[in-house]
Amino acid sequence: MEFRLRQFHEAVAANPAGRLEEVKDLVEEIEKRAEAMCIQERLYREGQLKKRTNHCDTKVNNMMFDADSDKVLCVIDLDTVMPSYVFSDFGDFLRTAANPVAEDSPELDKVDFDMEIFKAFTRGYLKGTKPFLSPIERENLPYAACLFPFMQAVRFFADYIGGDTYYKIKYPEHNLVRTRNQMKLFHSALGKVPQMMEFITDCQ
């Protein structure tokens, strides 16, 4: 997150596409939330959090299923596997799975963080990670669910300000639409943190 914020700040400072004036509301919103979204880096520096092997692109379409039984055969796209925090695989999966619309949908009224998806995924995740997940990792899983929509919003927004040099776009405001979509998902998840924490506690 700290690295993505540095990229964002560099884009804002340079403003190469001259788009900054029209999106000051988003700049202010990101700056307001930035420090709180860097919990994982601070915990790591304090020695409270370790890095583990992560896929770092956790999506359902990165798993292959048996056509007859729906049994998972294997995980694919392993080029992204690297040391990271457990929040990566947990949060990034929910970022795509718990949003009922695509990340570039302009229908912001339909963007929502689906708690039923969260519960189903988290129940299985906690069962599978029980042998090794630390208490501090466990208690920060709701943070992870908020972190990844926020981080992706920052990435889309930095690219928009920078002139759309990284993500492929279909129209000039595509990255801006993606940004607002992910910020809406972030706020939806943030509002459900108490419910998430309660569910995780009940799963113990």
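Before reading further, recall that the structure is shown in the block above.
Residues numbered from 1 in each chain as written. Predicted model: local features only at pLDDT ≥ 70, side-chain atom pairs only at ≥ 80, totals over all residues. Heavy atoms only, no water.

## A closer look at the packing of aromatic side chains
In this structure the tally under the stated criterion is 13 aromatic pairs. With a centroid separation of 5.6 Å and 70 degrees between ring planes, the pair formed by Tyr-44 and Tyr-85 is classed as edge-to-face. In this pair, Tyr-44 is assigned in helix α3 (residues 39–45) and Tyr-85 in the loop between β4 (82–84) and α4 (86–97), connecting sequence segments 41 residues apart. For Tyr-85, a relative accessible area of 9% translates into the label buried. Cluster of aromatic residues (ring-pair linked, three or more members): Phe-90, Phe-93, Phe-113, Phe-118, Phe-121, Tyr-125 and Phe-199. In this structure, Arg-19 packs its charged tip against the face of Tyr-160, placed 4.2 Å from the ring centre. Here the basic side chain of Lys-51 rests over the ring of Tyr-44, its NZ or CZ set 5.1 Å away from the ring centre. (Phe/Tyr/Trp six-rings, centres within 6.5 Å; stacked < 30°, edge-to-face > 60°. Helix = DSSP H or I, 4+ residues; strand = E, 2+ residues; numbered from the N terminus. Buried < 20%, exposed > 50% of the residue type's maximum accessible area, 1.4 Å probe, protein only. Lys NZ or Arg CZ within 6 Å of the ring centre and 35° of its normal.)

## So, the environment of Glu-116
By the element assignment, Glu-116 lies in helix α5 (residues 115–129). By relative accessible area, which is 53% here, Glu-116 ends up exposed. Sequence-wise, Glu-116 and Ala-98 are 18 residues apart; in three dimensions their C-alpha atoms are separated by 8.2 Å.

## Re the packing of α5 against helix α9 (residues 193–202)
Across the interface, α5 lies against α9 with an axial gap of 11 Å and an inter-helix angle of 35 degrees. For the crossing formed where α5 meets α9, the hand is right-handed. Note on element contacts: α9 touches α5 through Gln-195, Met-196, Phe-199 and Ile-200, opposite Met-115, Phe-118, Lys-119, Thr-122, Arg-123 and Leu-126. The class makeup of the residues in the contact of α5 with α9 is six nonpolar, two polar and two charged. (Axes fitted to C-alpha atoms, helices over the stretch in contact; angles between N-to-C directions. Left-handed = near helix turned anticlockwise from the far one by under 90°. Contact = heavy atoms within 4.5 Å. Nonpolar A, V, L, I, M, F, W, Y, C, P; charged D, E, K, R; others polar.)

## Notes on the nonpolar core
Formed by 54 residues in total, the largest nonpolar core has its most connected members in Met-1, Phe-8, Phe-113, Phe-118 and Phe-157. No other element matches helix α7 (residues 141–161), which puts 15 residues into this core. In contact with Phe-118, other than residues within four places in its own chain, are Phe-90, Leu-94, Phe-113, Met-196, Phe-199 and Ile-200. (Core = buried A, V, L, I, M, F, W, Y, C linked by side-chain atoms within 4.5 Å.)

## Here we look at a nonpolar patch on the surface
Where nonpolar side chains cluster on the molecular surface, the patch consists of Val-60, Phe-65 and Val-72 and spans about 230 Å² of accessible area. One can find Phe-65 in strand β2 (residues 63–65). (Patch = residues over 30% accessible without salt bridge, like charges linked within 9 Å, V, L, I, M, F, W, Y side chains within 5 Å. Areas by Shrake-Rupley, 256 points an atom, 1.4 Å probe, with all protein chains shown as cover. Salt bridge = Lys/Arg side-chain N within 4 Å of Asp/Glu carboxyl O.)

## Some words on the side chain of Asn-140
Note that Asn-140 resides in the loop between α6 (135–139) and α7. Apart from residues no more than four positions distant in its own chain, Asn-140 is found in contact with Ile-39, Leu-43 and Phe-87.

## Considerations on α7
What sets the pattern is the α-helix's 3.6 residues per turn: residues three or four places apart point alike. Along its 21 residues, α7 runs 30 Å from first to last C-alpha, staying within 8% of the 30 Å computed at 1.5 Å per residue. Remark: the principal bend of α7, roughly 25 degrees, maps to Leu-147, with a proline, Pro-149, within the next four residues. Counting buried positions along α7 yields 20 of 21 residues, so the element is predominantly enclosed. Gly-163 sits one or two positions beyond α7 and adopts a positive phi of about 100 degrees. (Expected span 1.5 Å × (residues − 1). Bend = angle between axes of the 7 residues up to and from the residue.)

## A look at the pattern of salt bridges
It is possible for side chains bearing opposite charge to pair when their charged atoms get close. Using the criterion set out here, one finds 12 salt bridges in the structure. The salt bridge involving Asp-92 is made with Arg-95; its shortest N-O contact spans 3.2 Å. Of this pair, Asp-92 and Arg-95 both sit in helix α4, separated by three residues, roughly a single helical turn. For Asp-92, a relative accessible area of 9% puts it in the buried group. The class of Arg-95 is buried, set by a relative accessible area of 6%. In the salt-bridge network here, residues are joined through shared partners; they are Glu-29, Lys-32 and Arg-33.

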